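# Coordinate inspection notes
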Amino acid sequence: IGPDGAVTLPVVTGPDGSWEVVSVPSGEYDVTIDVTTLPDGFVPTTPISVEPVVVPPGGSASVEHGATPGASVGDRIWNDSDRDGVQDVGEPGITGVRVSLLDADGTEIATATTDVAGQYSFEDLPPGRYTVVVITSTLPSGYTQTGDPDAIVDGRSTVQLDAGDDDVDQDFGFAPRITTTPPTGSNSGLPLALAVLLVLLGGALWIATRRRSAQMI
């Protein structure tokens with residue numbers, strides 16, 4: 001830091017990814033990657049900024065940064081019209097559903113909202129373990145889950161992503177809850193009447209049996 005504040009020394013990596021700044025005074029420095037200069041599709045795998053980097057008098061220091069092709073995960077929240085848990089041709093997507101992405105520690109790192117086709121995506125992710133969670137409170141009222149990518153119908157799925165992976169198998173199915181209405185009209189009392197009739201018949205048979213037994217004594 002000079003009299004006018006911090007001084008920035010830009011440097012570009014060579015063909016092998018190495019870089020060097022020579023003849024710097026001893027002291028503490030911050031080293032930061034300009035992520036906009038990474039190759040297309042690459043994401044950092046280490047912190048983009050390292051501080052402080054201490055250069056001792058007459059000595060040197062080294063800093064290493066990592067980057068790799070990014071991964072992605074996602075696909076679709078669909079209306080499972082026949083409630084069979086299988087995404088069939090013609091079944092529409094559900095728009096406006098919020099989806100959360102958790103890292104390996106269970107911390108939410110991103111959210112997405114399904115588009116008009118029910119699709120969602122999380123991109124530019126470093127390799128690692130992630131969990132996709134459907135925020136069920138954002139589904140249309142009365143919808144229940146019918147399909148889940150890991151076959152456990154709990155609105156979430158955990159995946160392991162390697163560098164460059166594009167996981168588009170995270171599809172979740174939901175459908176309106178099925179409700180049943182008790183029968184109404186002239187036949188609504190028929191089951192109860194049949195039950196009463198059976199009880200009466202059973203009682204009559206029992207009485208007749210008792211009488212027949214008494215006559216035989």
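Residues numbered from 1 in each chain as written. Predicted model: local features only at pLDDT ≥ 70, side-chain atom pairs only at ≥ 80, totals over all residues. Heavy atoms only, no water.

## Thoughts on the nonpolar core
Counting residues in hydrophobic clusters, the biggest one holds 19 residues, and the most contacted among them are Val-73, Ile-77, Tyr-120 and Phe-122. Of all the secondary structure elements, the ones that give two or more residues to this core are β5 (71-79), β6 (98-102), β8 (119-125), β9 (128-134), β11 (156-161) and β13 (172-176). Those residues in contact with Phe-122 that lie beyond four places of it in its chain are Ala-71, Ser-72, Val-73, Val-99, Ser-100, Leu-101, Ala-110, Thr-111 and Ala-112. (Core = buried A, V, L, I, M, F, W, Y, C linked by side-chain atoms within 4.5 Å. Buried < 20%, exposed > 50% of the residue type's maximum accessible area, 1.4 Å probe, protein only. Helix = DSSP H or I, 4+ residues; strand = E, 2+ residues; numbered from the N terminus. Contact = heavy atoms within 4.5 Å.)

## Description of the environment of Glu-108
On the secondary structure map, Glu-108 appears in strand β7 (residues 108-113). Taking the relative accessible area as the measure of exposure, Glu-108 reaches 43% and is therefore partly exposed. Each C-alpha atom, one on Glu-108 and one on Thr-131, is 9.2 Å from the other, the two residues being 23 residues apart in sequence. Among all residues touching Glu-108, those that are not within four sequence positions of it are Arg-98, Ser-100, Leu-101 and Leu-102. Within the structure, Glu-108 has its side chain in polar contact with the side chain of Ser-100 (distance 2.6 Å). (Polar contact = N/O pair within 3.5 Å; in protein donor to acceptor, adjacent residues only side chain to side chain.)

## Side note on the pairing of β6
The element β6 is largely enclosed, with a buried count of four among its five residues. Two strands pair when backbone bridges link them, and β6 and β7 are joined in this way by five bridges, in the antiparallel orientation. Across the sheet, the residue bridging to Val-99 is Ala-112, located in β7. As consecutive antiparallel partners, β6 and β7 are separated by five residues, and within that stretch Gly-106 has a phi angle of approximately 85°, a positive value. Here β6 pairs with β9 via four bridges, running antiparallel. Among the inter-strand pairings, Leu-101 is bridged to a residue of β9, identified as Val-132. (Pairing = 2+ DSSP bridges.)

## Remarks on the side chain of Ser-72
Here Ser-72 is to be found in strand β5. On the basis of relative accessible area, Ser-72 is assigned to the buried category, the value being 11%. Contact partners of Ser-72, with chain neighbours within four places excluded, come to Phe-122, Glu-123, Leu-125, Leu-161, Asp-165, Asp-166 and Asp-167.

## As for the sheet that holds β11
Neighbouring strands of a sheet are bound in pairs by backbone hydrogen bonds; such pairs are parallel or else antiparallel. Strand order in the open sheet made by the four strands is β7-β6-β9-β11, with antiparallel pairing throughout. Each edge of the sheet is formed by a strand with only one pairing partner; in this case those strands are β7 and β11. Across this sheet, the average inter-strand angle for adjacent strands is 25°, counted without regard to direction. (Axes fitted to C-alpha atoms, helices over the stretch in contact; angles between N-to-C directions.)

## Some details on the environment of Glu-123
In this fold, Glu-123 is placed in strand β8. Its relative accessible area of 56% is what places Glu-123 among the exposed residues. A sequence separation of 82 residues divides Glu-123 from Gly-41, and the C-alpha atoms of the two residues are 9.3 Å apart. When near neighbours in sequence (up to four residues on either side) are disregarded, Glu-123 contacts Ala-71 and Ser-72.

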